[in-house]
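Structural overview for review
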Amino acid sequence: MSNQEQALKTHLGRVLRGLKPAASDDPGFAMTLGRPAHRFRIEPTRFPVPGICRIVLNLIGSPDLGRGEKLAWEHIFAVDGHPCSLAHQKFGLRLYVDSRSLPSEDEAEALHERVVVMLEKAQRYLERRYLRNFADDQIQQGKVTIRNQYHRLRGIYVYFRDGAEDAFAGRGRIKPDGEKGGRLIAPRETEGFYNAVAMVSAYFSLLEHTLVLLLPFLGFDPSKDSLKSFIGDRWGIKFKKIFELSSDSLAKSHFDALHRIAEEYRNTYGHGGFDKFGSTMLFHMEGVGALPAVLSDIRERPYFNFVPVGIDDFGRIKDVFDACDRWIEDVAAPLAMTWIKGGMDVYYDEQFRSEVALAMQSAEEFAAMLHYYGYLVDQAANMDW
């Protein structure tokens, strides 16, 4: 036993005063049908990561009865001699107190609250003194899972894209008549512009997420590259690290098209309406007036038009995004995108990367791997072991 583990156990023993491991032959409560017990639901906000409770109870030697029907685990222990257990069941954490040992519902409720408070203190200590550093080390080694948010982020993109389509077609929410009288100028174009800018921002968010999820399928090695640093990179740097622009002309053309849109719309309206060219600044010339700092190049900036994104601009932006999506899905990473669009989380550890490398040798092998992982995910979600 390491000195750190011994120090953790010693401190947890003080925090969990009165809580002792149960005998290994204790049958538990969630695992055993019909055993009389008070059953208490624990609010998810108190233990948002149930696994940390499991680490605490493992450290003090509380036996784990393992999996059961709709049961991920159940740790058994006694508090002041009263048999108890903490179980992670399909709909959350449940604390059981033996009703034969402690018949009073009120006393059992007080004991339940006492156990929860003790475990909360143990959780805070464990996170602060051990788990945060351990998590950083695991991330550095690539031993992590990233939640797949592809469909959620794509849903945001499609929402604003559809909103722009409706606005430009006259089906939007902004009406010509103003709320305080008078008539609005170009309501269709104005609402289309609002939605198109939001759509652009949403698309690049989706693209960045997709690029991160692609890593294990395209040769990522955590011993050479930092996943945490990659996630923090700008979208263009991510794109260049994954796709070789110098030797892939198609990748280069997609990057250039995306870069133009990012500079013109995403970066401008993501930074207070200011672009890096100084298009919003006017310099003063006596006898003439205020002139744009970019001079005649203002014609290439969104501010040149009455509405910065018109229907033609919107169509051009859509075409660029659709072409890039088709290229990634059909040419650059078709198997990886099958996984990502399937909604599966993505793993970055050596075992997964090795399995992926073998499976990607054929579409049939990859489909079999995807099916198997999907089965495991469904099994864990439903706790059908």
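One structure accompanies this document, and this report is about it. These figures come from a predicted structure and were not determined experimentally.

A contiguous patch of negative charge, built from Glu 105, Asp 106, Glu 107 and Glu 109, is present on the exposed surface. Take Glu 105: it is sitting in helix α3 (residues 105–140). Among the residues examined, Glu 105 registers a relative accessible area of 45% and is labelled partly exposed.

Only one face of strand β2 (residues 37–41) is buried: it carries His 38 and Phe 40, and the other face, with Ala 37, Arg 39 and Arg 41, is open. When β2 meets strand β5 (residues 92–98), the two strands line up antiparallel, connected through five bridges. When the bridges of β5 are listed, Ala 37 appears paired with Asp 98.

Time to look at the sheet that holds β5. Strand order in the open sheet formed by five strands is β1-β3-β4-β5-β2, with antiparallel pairing between adjacent strands. Strands at the two margins of the open sheet, each flanked by one partner only, are β1 (19–21) and β2. Looking at each pair of strands side by side, their axes are set apart by 30° on average, direction ignored. Relative to strand β3 (residues 71–79), helix α2 (residues 50–59) is tilted by about 45°, and along the sheet it contacts β1, β3, β4 (82–89) and β5.

Moving on: the packing of aromatic side chains. One pass over the structure, following the stated rule, counts 28 aromatic pairs. Centre to centre, the rings of Phe 29 and Tyr 96 are 6.0 Å apart; their planes meet at 5°, and the pair counts as stacked. Placement of the pair is Phe 29 in the loop between β1 and β2 and Tyr 96 in strand β5, with a sequence separation of 67 residues. Per residue, the accessibility class of Phe 29 equals that of Tyr 96, and both read buried. An aromatic cluster is defined as three or more aromatic residues linked by ring pairs; in this entry it consists of Tyr 157, Tyr 203, Phe 204, Trp 235, Phe 239, Phe 243, Phe 255, Phe 321 and Trp 327. Here the basic side chain of Arg 35 rests over the ring of Phe 29, its NZ or CZ set 4.0 Å away from the ring centre.

What counts and how
- By convention here, each chain's residues receive numbers from 1 onward along its written sequence.
- Residues qualify for local features only when their pLDDT is at least 70, as the model is predicted, and side-chain atom pairs are given and counted only at 80 or more; totals for whole chains, interfaces and linings, by contrast, use all residues.
- Hydrogens and water molecules were not included; the side-chain quantities draw on all heavy atoms of the structure.
- In this scheme, patches are assembled from residues that exceed 30% relative accessible area and form no salt bridge. Like charges are connected within 9 Å, while nonpolar side chains (Val, Leu, Ile, Met, Phe, Trp, Tyr) are connected within 5 Å.
- Throughout, the Shrake-Rupley method with a 1.4 Å probe supplies accessible areas, and for residues the shown protein chains are the sole cover considered.
- A carboxyl oxygen of Asp or Glu within 4 Å of a side-chain nitrogen of Lys or Arg is what we treat as a salt bridge.
- His residues and chain termini do not enter the charge count, which takes Lys and Arg as positive and Asp and Glu as negative.
- A single reference atom marks each charge: NZ on Lys, CZ on Arg, CG on Asp, CD on Glu.
- Under the DSSP-based scheme used, a helix requires at least four consecutive residues in state H or I and a strand at least two consecutive residues in state E, with every element numbered from the N terminus.
- Accessible area is worked out with a 1.4 Å probe on protein chains only. A residue is then buried under 20% of its type maximum, exposed over 50%, and partly exposed in between.
- Two strands qualify as a pair provided DSSP detects at least 2 bridges between them.
- Axis angles are defined between N-to-C directions and span 0 to 180 degrees, where every axis is a line fitted to C-alpha atoms and, for a helix, only to the segment in contact.
- Here, two residues are considered to be in contact whenever any of their heavy atoms come within 4.5 Å of each other.
- For Phe, Tyr and Trp, rings pair up if their centres lie within 6.5 Å, where Trp contributes its six-membered ring, and each pair is then called stacked (planes under 30 degrees apart), edge-to-face (over 60) or tilted (otherwise).
- Whether a charge lies above a ring is judged from NZ of Lys or CZ of Arg, which has to be within 6 Å of the ring centre and within 35 degrees of the ring normal.

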